[in-house]
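Reading the structure
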Amino acid sequence: MANIKIDGKELQVADGITILEAADIAGIEIPHFCYHKELSIRGSCRMCLVEVEKMPKLVPACSTTIKDEMNIFTSSERVIKNRRGVLEFFLINHPLDCPICDQAGECTLQDYVYKYGSAVSRFTEEKEHFERRKELGPHVLHYTERCVLCGRCIRFCEEISETRELARFNRSFRSEVDVFPGKRLDNKLSGNVVDLCPVGAMVSKEFLFKSRVWWLTHTESICPLCSRGCNIEIDSRDNKILRVRPRPNPEVNIQWMCDDGRFGWDFVQREDRLTSPLKREGAEMVSISRTQAINLVKGRLSYIISNFGKEAVAAIASPYLTNEDNYLLRILLLSVIGSPYLAVCQPPQVEERMVFPSGFTIEADKSPNLAGAQDVSAVEGRELISHRQLLQKVASGEVRALYFLGGAPRMSLPVEEREMLRKVDFLVVHDYAPSELTEWAELVLPNLSFAEREGTFTNFQGRVQRLRPALLPPGEAKPDWEILQEVCQAMGGEVNYPSAEKVFEEIVGAVPGYKSLSYKDLGNQGKAKG
Amino acid sequence: MEEKILLKYIDVPDIENIEVYQKHDGYKGLAKALKQHKPDQIIELVKASGLRGRGGAGFPAGLKWSFVPKDSGKPVFLCCNADEGEPGTFKDRLLMEKNPHQLIEGIVITAYAVNCHQAYIYIRGEFSQAMQVLEQAIAEAYEHNCLGKNILKQGFNLELSLHSGAGSYIAGEETGLLESLEGKRAEPRLKPPFPASVGLFKGPTVINNVETLSNVPHIIMRGAEWFKGFGTEKSTGTKLFCLSGHINKPGVYELPMGIPLKELINNYGGGIIGGRKLKAVIPGGSSTPVLTAEQVEEVAMDFESLQAAGTMLGSAGVIVMDETTCMVDALANLTRFYAHESCGQCTPCREGVSWMEKIARRIEEGKGLEGDLELLLDICDNISFKTLCPMGDAAIGPVVSFITKFRSEFEDHIRQGRCPIEKDKSIKVRG
């Protein structure tokens, strides 16, 4: 341990940490551009220089390690003058186009200039000009004149994605970031350079000119596009998602996310989202009321149960829906109806697991909640039937009614499995939009996308993480657990959960491994199940 | 005539040939070092000689070598910095082109002293002739068992590779050199760690200038005391001075450290062209603060005297400027060089130096504004000791000294809205 003093504040910190880290512990912010805690230290922006007693020169806080008895000044006159000087250097050739810059409002340069900069420019020369906007790859544009050359993007591609598309070209004031000749910035993690860029140089093609950032509503949620469950923030406006960005969670996604997740939420805003229950009438699907729909389910299930027995009813839980949804399906099938045939839909494997050398991983399982769906569907002492076996029971005529929870963003059932669905007498499906499940369904109940949901996913590590609703649901779409609760009630079940939270509390009591958890304690980074 | 060390045999025909070199005591220093000295003894000997780095900073060579950790478990590297790029400096090129074996011998002895088995000569990309000569000399040294395995049958192994730069001033900065040698952009590294502990390919690394290493065989042969007989108490040995500018006999002169600058210019350089009046001298390469004609009268050419005069011996590139020199034009020219050569990674150097160039050029063109000089000095203050490598300070050296010492000339430009100096157009200053 080292005893140090920062701005008069005495504190004890671990040996070997940097001044920047020590200041952070002391609650003192030292402005910086090139430093980023997940990247190697370059010390090139010179913004974080601080004064240390007995050291003649200002030293970079990002790279200077603490020594016992160090007396550090982070806002002395010399330090402030350096910050002002560095900011002036950044601005002399900067286009000052904040009014049309995507980063405005969340720009480090803007914030620091507001705090330390000068209102008057001393620069009377011609500014250096560069190609205004370069397309670096499918998702990322580069506004070269706004770049502060901190090199975070370059280091990200060297150290995290290890794809090495980016470099600094030319020297001196003609320096610019670009892709190597013949390369494109199209690795799976490319969108992260936009987040890493402290200014408006790296921008997302998808978000460009969509909104001023201060109009966005930020909602903490979980990415639904693979079983890693990257922690995300949904940025929305006027009930539309405009941007998705990762939130830091060292246990799950460090602070990155892949481009599939970052840009893959468009299904939420499909034009053909289902807004009311639909009943098949011949080749047509017609809209019916919710009461009619529930009555239809009740009538058809009761008929099948009384004529063919409870075991003629089966259900398939969804790895794309929350634990709460799947738990209500279990209650309906196992408790209210009393059939043993509950399976969890096995998501198809479409690509290999991608492990980046930095540790960040994109999972092969493209569903967000396979582990959770299995956890809440499992009954102690009994093996879960596979959804394949279950579909065979459908094909053989053993099962006559099938309750199928959908919700997959773009999953497709194998053709032969899809064909099996035709055999079932009564197929009821929950889904958010027309899908291969709704194709043969007699009744379709509209559910929610992840962005409209409250509830929990359990990722592949067994970490239970919370979703929060960013958008209002379209039309009469409802969370699956709520629809299922109504079905249970109609079938004589005594369930009455007022919220997803209450369902989760029930899960805590009923599902092994979840006993140590509580909804409130999940916080915004989730908790590992026991 | 003073006794010479490095240039003693420079005019011997074919001295670049190993057999000729050997006839002139060549590789005897190496033999002596390997046979009679332990590595530590060589370090002590060089420490005792007072030999200081000839690349610019003047750091004691023996002390630098002693910083190499003995137990790092990693291979030690020796890099000869032959990226001579400081404007006004052209001594290493001469040493390499004329007497390459003297350098190679110095490298082998130094490598032996620091327990290095792989050495590099990082040579400036433009030095094509020196490269050819060195390549030939290295091949000869291998043939004569002065390089390679079991050198002179004394059990010491050393591989020496010649590596050409791609044309960048900053590759002469030692950590920029290491980056370039590793195949990357020549961008100086953050220090610490220093190269002596973490250098080339993360191994402990010694980086020495061509002239420094060329001195080593002579120190081995003739001893520390003999070497200390040259120069001053703290600046020992001789020095290669590069005389250029408005001078009758420009060239490289080997003279003892501490020679009065006036004597160097008048006795050796043959005085100012056309008998004109001296105006200013940059004593140690373009980055060292300029001296006025009055200062030239008094100053001696050694590390301490020049430091006392507010400047540096640097690379001993002595640039002489007479009364026809416009100091504003000269400054614009110098800052243009630094603005062009900044590697661009750190902010103050990348942005500040080109800004200074633009202002200096504008003043020279008669468009100077009131406040420009204060602005220039403040930009210098915002660069001074705040950059990642010493290049920022190299770039402001001329700016601060030119404005401080020739302020009225700058003010005349601004006030009159034109350049008031009658320049000698026969010498092209801008390249």
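Predicted, not measured: the structure shown is a model, and the values here were computed from it. (Residues numbered from 1 in each chain as written. Chains lettered and ligands numbered in written order. Predicted model: local features only at pLDDT ≥ 70, side-chain atom pairs only at ≥ 80, totals over all residues. Heavy atoms only, no water.)

**Regarding the overall build of chain B**
Applied cut-off: Going along the chain from the N terminus, every DSSP run of H or I of four or more residues is numbered as a helix, and every run of E of two or more is numbered as a strand. For the radius of gyration, the atoms used are the C-alpha atoms, and the globule rule reads 2.2 Å times the number of residues raised to 0.38. The buried label applies to any residue whose accessible area, calculated with a 1.4 Å probe on protein chains only, is under 20% of its type's maximum; exposed applies above 50%, and partly exposed to all values in between. Two residues form a contact once any of their heavy atoms are found within 4.5 Å.
Within chain B one finds 17 helices and twelve strands. For 431 residues, the compact-globule estimate of 2.2 N^0.38 gives 22 Å, and the C-alpha radius of gyration of chain B, at 22 Å, lies within 12% of that figure. For chain B, the spread of C-alpha atoms along the principal axes amounts to about 75 × 45 × 35 Å. Across the 431 residues in chain B, those meeting the buried criterion constitute 62%. Of the contacts formed within chain B by residues at least 6 apart in sequence, a portion of 71% connects residues at least 24 apart.

**Topic: the overall build of chain A**
Worth spelling out the cut-off: Only the protein chains shown count as cover for residues, with accessible areas throughout obtained via the Shrake-Rupley method and a probe of 1.4 Å.
Across its full length, chain A carries 13 helices and 26 strands. Judged by the C-alpha coordinates and their principal axes, chain A covers about 90 × 50 × 35 Å. Buried positions account for 59% of the 530 residues belonging to chain A. Considering only contacts within chain A whose residues lie at least 6 apart along the sequence, 66% involve residues at least 24 apart. A total accessible area of about 21,700 Å² is found for chain A, and carbon and sulfur atoms account for 50% of it.

**Description of the side chain of Asn369(A)**
Residue and element names in this part refer to chain A. Threshold: Between N or O atoms, a polar contact is any pair within 3.5 Å; within protein, one atom must be a potential hydrogen donor and the other a potential acceptor, and residues adjacent in sequence are included only when both atoms are from side chains.
By secondary structure assignment, the location of Asn-369 is in the loop between β19 (361-362) and α9 (370-377). Given the relative accessible area of 0%, Asn-369 is considered buried. Side-chain polar atoms of Asn-369 contact the side chain of Asn-323, separated by 3.1 Å.

**Some remarks on the interface of chain A and chain B**
Interface size, as often reported, equals the accessible area lost upon joining of the parts. Where we set the bar: When two parts are brought into contact, each loses some accessible area as probed by a 1.4 Å sphere; the total of that loss over both is the buried area. A pairing counts as a salt bridge when a side-chain nitrogen of Lys or Arg comes within 4 Å of a carboxyl oxygen of Asp or Glu.
In this assembly, 34 residues from chain A lie in contact with 34 residues from chain B. At the boundary of chain A with chain B, total buried surface from both sides reaches about 3,000 Å², with 50% on carbon and sulfur atoms. A per-residue breakdown of the area chain A buries against chain B is headed by Phe89(A), Arg168(A) and Arg171(A), which together make up 26% of the total. If you look at where chain A meets chain B, you find eight salt bridges. Put simply, Asp378(B) and Arg122(A) hold a salt bridge, and the shortest N to O gap is 2.8 Å.

**Focus on the pattern of salt bridges**
Across all of its chains, the model carries 78 salt bridges over all chains by this definition. Measuring nitrogen to oxygen at the nearest pair gives 2.7 Å for the salt bridge that ties Asp381(B) to Lys81(A). With Asp381(B) in helix α15 (residues 372-383) and Lys81(A) in helix α2 (residues 77-92), this pair bridges two chains. Residue classification places Asp381(B) among the partly exposed positions, given a relative accessible area of 35%. Two residues, Arg184(A) and Glu135(A), come together in a salt bridge whose shortest N-O distance is 3.4 Å. Of this pair, Arg184(A) sits in the loop between β9 (176-179) and α5 (192-196) while Glu135(A) sits in strand β6 (residues 134-135); the two residues are 49 residues apart in sequence, bridging distant segments of the chain. Glu135(A) sits in the partly exposed class, given a relative accessible area of 46%. Three or more residues are tied together by salt bridges with common partners; here these are Lys81(A), Glu88(A), Arg122(A), Asp378(B) and Asp381(B).

**Remarks on the domain arrangement of chain B**
Residue and element names in this part refer to chain B. The following threshold applies: Residue ranges for the domains trace back to a domain assignment, done automatically or taken from a database. For this classification, Asp, Glu, Lys and Arg are treated as charged, while Ala, Val, Leu, Ile, Met, Phe, Trp, Tyr, Cys and Pro are nonpolar and the rest, including Gly, are polar.
You can read the domains of chain B as domain 1 (18-228), domain 2 (238-322) and domain 3 (327-416). Between domain 2 and domain 3, the C-alpha centre-to-centre distance is 23 Å. Residue-level contacts link eleven residues of domain 2 with twelve residues of domain 3. Glu-409 is the salt-bridge partner of Lys-279, the closest N and O atoms lying 2.8 Å from each other. Our count for the contact surface shared by domain 2 and domain 3 stands at six residue pairs in polar contact (both at pLDDT 80 or more). Contributing elements (two or more residues each) for the side of domain 2 that touches domain 3: β9 (278-282) and β10 (291-292). In terms of residues, the side of domain 2 that touches domain 3 owes the most to one element, β9, which gives three residues. Across the side of domain 2 that touches domain 3, the residue classes break down as six nonpolar, four polar and one charged.

**Quick notes on the packing of aromatic side chains**
We apply this condition: In this analysis, rings of Phe, Tyr and Trp, with Trp reduced to its six-membered ring, are considered paired at centre separations within 6.5 Å, and the interplanar angle assigns stacked below 30 degrees, edge-to-face beyond 60, and tilted for intermediate values. We call a charge positioned over a ring when the NZ of a Lys or the CZ of an Arg lies within 6 Å of the ring centre and within 35 degrees of the ring normal.
One pass over the full model with this rule turns up 21 aromatic pairs over all chains. Between Phe89(A) and Trp355(B), the aromatic rings sit 6.4 Å apart at their centres with planes inclined by 90°, giving edge-to-face as the arrangement. With Phe89(A) in helix α2 and Trp355(B) in helix α14 (residues 347-364), this pair bridges two chains. For the pair formed by Phe89(A) and Trp355(B), the shared burial category is buried. Pairing Phe267(A) with Phe450(A) gives two aromatic rings, centres 6.0 Å apart and planes at 40°, and the pair type is tilted. Of the two residues, Phe267(A) sits in the loop between α6 (259-263) and β14 (278-281) while Phe450(A) sits in the loop between β23 (443-446) and β24 (455-458), which places them 183 residues apart along the sequence. With relative accessibility at 5%, the residue Phe267(A) sits in the buried group. Taking relative accessible area as the criterion, Phe450(A) reaches 6% and is therefore assigned buried. Among the aromatic side chains, those forming a connected cluster through ring pairs are Phe33(A), Phe90(A) and Tyr112(A). The side chain of Arg146(A) reaches across the aromatic face of Tyr143(A), ending 3.9 Å from its centre. Directly above the ring of Phe130(A) sits Arg174(A), whose terminal nitrogen or CZ lies 4.3 Å from the centroid.

**A few points about the sheet that holds strand β2 (residues 116-123) of chain B**
Residue and element names in this part refer to chain B. Threshold: Each pair of strands is called paired provided DSSP finds at least two bridges between the two strands. Helix axes use the C-alpha atoms of the stretch in contact, all axes being lines fitted to C-alpha atoms, and the angles between their N-to-C directions lie in the range 0 to 180 degrees.
Judged by pairing direction, the sheet is mixed, and its five strands sit side by side in the order β3-β4-β2-β1-β5 without closing on themselves. Bordering the open sheet on either side are β3 (148-151) and β5 (205-209), each of which pairs with just one other strand. Neighbour-to-neighbour, the strand axes of this sheet turn through a mean angle of 25°, independent of strand direction. Direction of pairing for strand β1 (residues 76-82) relative to β5: parallel, over a ladder of five bridges. Note on β5: the bridge partner recorded for Leu-78 is Val-206. Strand contacts of helix α7 (residues 128-143): β2, β3 and β4 (156-164), with the helix running at about 165° to β4, the strand carrying the most contacts. Along the sheet, helix α9 (residues 210-228) makes contact with β1 and β5, crossing β5 at roughly 90°.

**Description of the pairing of strand β12 (residues 317-322) of chain B**
Residue and element names in this part refer to chain B. The buried fraction of β12 is high, at six of six residues. In this structure, strand β6 (residues 238-245) lies alongside β12, joined through four bridges in parallel fashion. Paired with Leu-243 across the bridge in β12 is Val-318. Note: β9 against β12, four bridges, orientation antiparallel. What sits directly across from Leu-278, in β12, is Asp-322.

**A few points about the packing of helix α3 (residues 39-49) of chain B against helix α6 (residues 100-113) of chain B**
Residue and element names in this part refer to chain B. Taken N-terminus to C-terminus, the directions of α3 and α6 make an angle of 115°; their axes are 7 Å apart at the nearest point. Between α3, through Pro-39, Ile-42 and Ile-43, and α6, the contact on the second element is made entirely by Ile-109, Tyr-112 and Ala-113. Classifying every residue of the contact of α3 with α6 by side-chain character gives six nonpolar, no polar and no charged.

**Side note on helix α2 (residues 28-36) of chain B**
What sets the pattern is the α-helix's 3.6 residues per turn: residues three or four places apart point alike. What α2(B) keeps buried is the set Gly29(B), Leu30(B), Ala31(B), Ala33(B) and Leu34(B). Buried residues in α2(B) make contact with α3, α6, β3, β4 and α9 of chain B.

**A few points about the confidence of the model for chain B**
Heads up, the rule is: Per-residue confidence from the predictor is given as pLDDT, running between 0 and 100.
Mean pLDDT over chain B works out to 96, with 99% of the residues at or above the 70 mark. Interface confidence for the predicted complex, given as ipTM, is 0.94, next to a pTM of 0.94.

**A word on the pairing of strand β21 (residues 401-405) of chain A**
Residues and elements named next belong to chain A. In terms of burial, β21 is a largely internal element, five of the five residues being buried. Side chains of β21 alternate between two faces, with Ala-401, Tyr-403 and Leu-405 and Leu-402 and Phe-404 buried alike. Pairing of strand β16 (residues 313-317) with β21 involves four bridges; the strand directions are parallel. Within β21, the residue paired with Ala-314 across the bridge is Leu-402.

**So, helix α13 (residues 327-341) of chain B**
Residue and element names in this part refer to chain B. Stated precisely, the cut-off is as follows: Multiplying 1.5 Å by the helix residue count minus one yields the expected span of that helix.
Taking 1.5 Å per residue as the helical rise, α13 with its 15 residues ought to reach 21 Å, and the 21 Å between its terminal C-alpha atoms agrees with that figure. Listed in full, the buried residues belonging to α13 are Met-327, Val-328, Asp-329, Ala-330, Leu-331, Ala-332, Asn-333, Leu-334, Thr-335, Tyr-338, Ala-339 and Glu-341. Where α13 is buried, its residues touch β9, β12, α14, α16 (391-405) and α17 (407-416).

**So, the sheet that holds β10(B)**
Residue and element names in this part refer to chain B. As summarised here, the arrangement of the five strands in space is β7-β6-β12-β9-β10, forming an open sheet in which the pairing is mixed. Of all the strands in the sheet, the pair left with one neighbour each is β7 (251-256) and β10. Note: β9 against β10, two bridges, orientation antiparallel. Note that in β10 the partner of Ala-280 across the bridge is Thr-292.

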